[in-house]
Amino acid sequence: MEQNVFFLPHEGLKLVELAEFLGAELANSDHADVFVSSVAPLNRARAGDVCYILSRRSRDELATCEASAVICDKALADLVPPHIPVILSSNPHAAFAMAGGLFYPAALRPAAIPGENGIAPSAVIDPSAKLEKGVIVEPLAVIGPHAEIGEGTRIGAQSVIGSGVKIGRDCSIAAGASVLFALIGNGVIIHNGVRIGQDGFGYAPGPRGMIKIVQIGRVIIQDNVEIGANTTIDRGAMDDTVIGEGTKIDNQVQIGHNVQIGRHCAIVAQVGIAGSTKIGNGVQIGGQAGIKGHVTIGDGVQIAAKSGIMTDLPAGGQYGGVPARPLKDYLREAAQLVSKTKQREKKPGGTQND
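Parameters at a glance
- Residues numbered from 1 in each chain as written.
- Predicted model: local features only at pLDDT ≥ 70, side-chain atom pairs only at ≥ 80, totals over all residues.
- Heavy atoms only, no water.
- UniProt positions renumbered as here; feature names shortened; annotations may be inferred.
- Pairing = 2+ DSSP bridges.
- Helix = DSSP H or I, 4+ residues; strand = E, 2+ residues; numbered from the N terminus.
- 1 Å grid on protein atoms, 1.4 Å probe; cavity = no way out; pocket = protein on both sides within 12 Å on 5 of 7 lines; lining within 4 Å.
- Points joined across faces, edges and corners; volume = space filled by probe spheres on them.
- Nonpolar A, V, L, I, M, F, W, Y, C, P; charged D, E, K, R; others polar.
- Core = buried A, V, L, I, M, F, W, Y, C linked by side-chain atoms within 4.5 Å.
- Buried < 20%, exposed > 50% of the residue type's maximum accessible area, 1.4 Å probe, protein only.
- Contact = heavy atoms within 4.5 Å.
- Polar contact = N/O pair within 3.5 Å; in protein donor to acceptor, adjacent residues only side chain to side chain.

Going by the annotation in an unreviewed UniProt entry, the name recorded for the protein chain is UDP-3-O-acylglucosamine N-acyltransferase, with Rhizobium leguminosarum bv. trifolii WSM2297 given as the source organism. Per UniProt, the protein chain carries the Catalytic activity (unreviewed entry) text "a UDP-3-O-[(3R)-3-hydroxyacyl]-alpha-D-glucosamine + a (3R)-hydroxyacyl-[ACP] = a UDP-2-N,3-O-bis[(3R)-3-hydroxyacyl]-alpha-D-glucosamine + holo-[ACP] + H(+)". A UniProt comment under Function (unreviewed entry) is attached to the protein chain, and it reads "Catalyzes the N-acylation of UDP-3-O-acylglucosamine using 3-hydroxyacyl-ACP as the acyl donor. Is involved in the biosynthesis of lipid A, a phosphorylated glycolipid that anchors the lipopolysaccharide to the outer membrane of the cell."

What follows is the structure, given as structure tokens:
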């Protein structure tokens, strides 16, 4: 790939310095002064790049690799050609992620408008709003009455911060986002086009049609949460919608009113979570999964992509399918279905409808 003009390379550092930063070990001290300045995938890494491996399936790519260092577990170090320095880590994936953040810190948060610091002249800020020092407000952003924004937070262009909203320190609110009826912790990243705090979907059937139910709760987002582009998080009806500390939410996720999500969860794109669902800590939800309202999902549950969750799920399990069942059962049923389909197709004149 040609030089990336959007994310310029780091000035670089020695491998011994990188290993120390990663809490890892340089396998051969003779490589201590090798210079690195970037990260790259194994198949196209060049001099100056750091890459990583997780299994022996990378053997063929290593044979032609031109990287200046490979991060791997000690058990895989023998796969790396002798001329390539090795950084030993018990968690190579995490170490590689840390290296990427070190070399490209600007890529960790939504892009800012170059040169924008302080308060843009075109920003609209209510006189009653309170902004700590170091807050950056980009052009055409709107900050409502009595809002409070902590030190080091950036409010992106054309974003809207509603009346009474409180946003902590060192947050990034990207361009075009809207944050209403919400309390936001520290270190939160909200990407472009996110909608937080609009009213939830609540109606009661009446003699003349649907009667709207008022939504008077809040959205509470704890520290170090990241929310992907165009995700929507409804405010609570009577209670609050809560997103727990450290949870990471992908693009285009819908989270309904009164949903409570625990700490350090991972929710992939196009997941839909209906109202009043309770999700424990460390839950992982695959893309396009749908979760029925008023169910409880226990700590550590893993849900496969495109699954449909209709009932409570106990802690620690893996689930898949529609309706979701234990993942092993779902995979076994899928394999049996494929096998039966193939058998029908082999019969003379057979069809899938036989």
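## Some remarks on the sheet that holds strand β25 (residues 232-233)
Here 10 strands make up an open sheet; going across it, the order is β8-β11-β14-β17-β20-β25-β28-β31-β34-β37 and the pairing parallel. The open sheet has two edge strands with one neighbour each: β8 (124-125) and β37 (308-309). Direction of pairing for strand β31 (residues 272-273) relative to strand β34 (residues 290-291): parallel, over a ladder of 2 bridges. Looking across to β34, one finds that I273 is bridged to I291.

## Structural notes on the sheet that holds strand β12 (residues 148-149)
Strands sit in the order β9-β12-β15-β18-β23-β26-β29-β32-β35 across an open sheet of 9 strands; the sheet is parallel. Both outer strands of the open sheet, β9 (130-131) and β35 (296-297), are each paired with one neighbouring strand and no more. Pairing between β9 and β12: 2 bridges, direction parallel. Bridged to K130 within β12 is E148.

## Some thoughts on the layout of surface pockets
In this structure, the second largest pocket occupies an estimated 200 Å³ of space. What lines the second largest pocket is F6, F7, L8, F103, Y104, P105, A106, A107, R109, P110 and A111. Class assignment for the residues of the lining of the second largest pocket results in 10 nonpolar, no polar and 1 charged.

## Brief notes about the nonpolar core
The biggest cluster of nonpolar side chains holds 50 residues, and the ones touching the most others in it are I196 and I221. Elements with a minimum of two residues in this core: β18 (182-184) and β23 (219-221). With residues near it in sequence (within four places) discarded, I221 still touches L183, I184, G185, V188, I196, I227, I233 and I243. One finds L18, L22, A32 and A99 within the second-largest nonpolar core, a separate group that totals 17 residues.

## Some details on unusual backbone geometry
Between V322 and P323 the backbone carries a cis peptide bond, its omega angle lying at -10°. Structurally, P323 can be placed in the loop between β38 (318-320) and β39 (325-326). The residue H264 is not glycine, and still its phi comes out positive at about 55°. Position of H264 among the secondary structure elements: in the loop between β29 (260-261) and β30 (266-267). Overall, H264 belongs to the partly exposed group, its relative accessible area being 46%.

## Remarks on the UniProt feature "active site" (unreviewed entry) in the protein chain
Within this structure's numbering, the places UniProt gives as "active site" (unreviewed entry) are H257. Residue position: H257 is located in the loop between β28 (254-255) and β29. What makes H257 buried here is its relative accessible area of 14%. Apart from residues no more than four positions distant in its own chain, H257 is found in contact with G200, F201, G202, Q215, D234, R235, G236, A237, T241, G275 and S276. Reaching out from H257, the side chain makes a polar contact with the side chain of Q215 at a distance of 2.6 Å.

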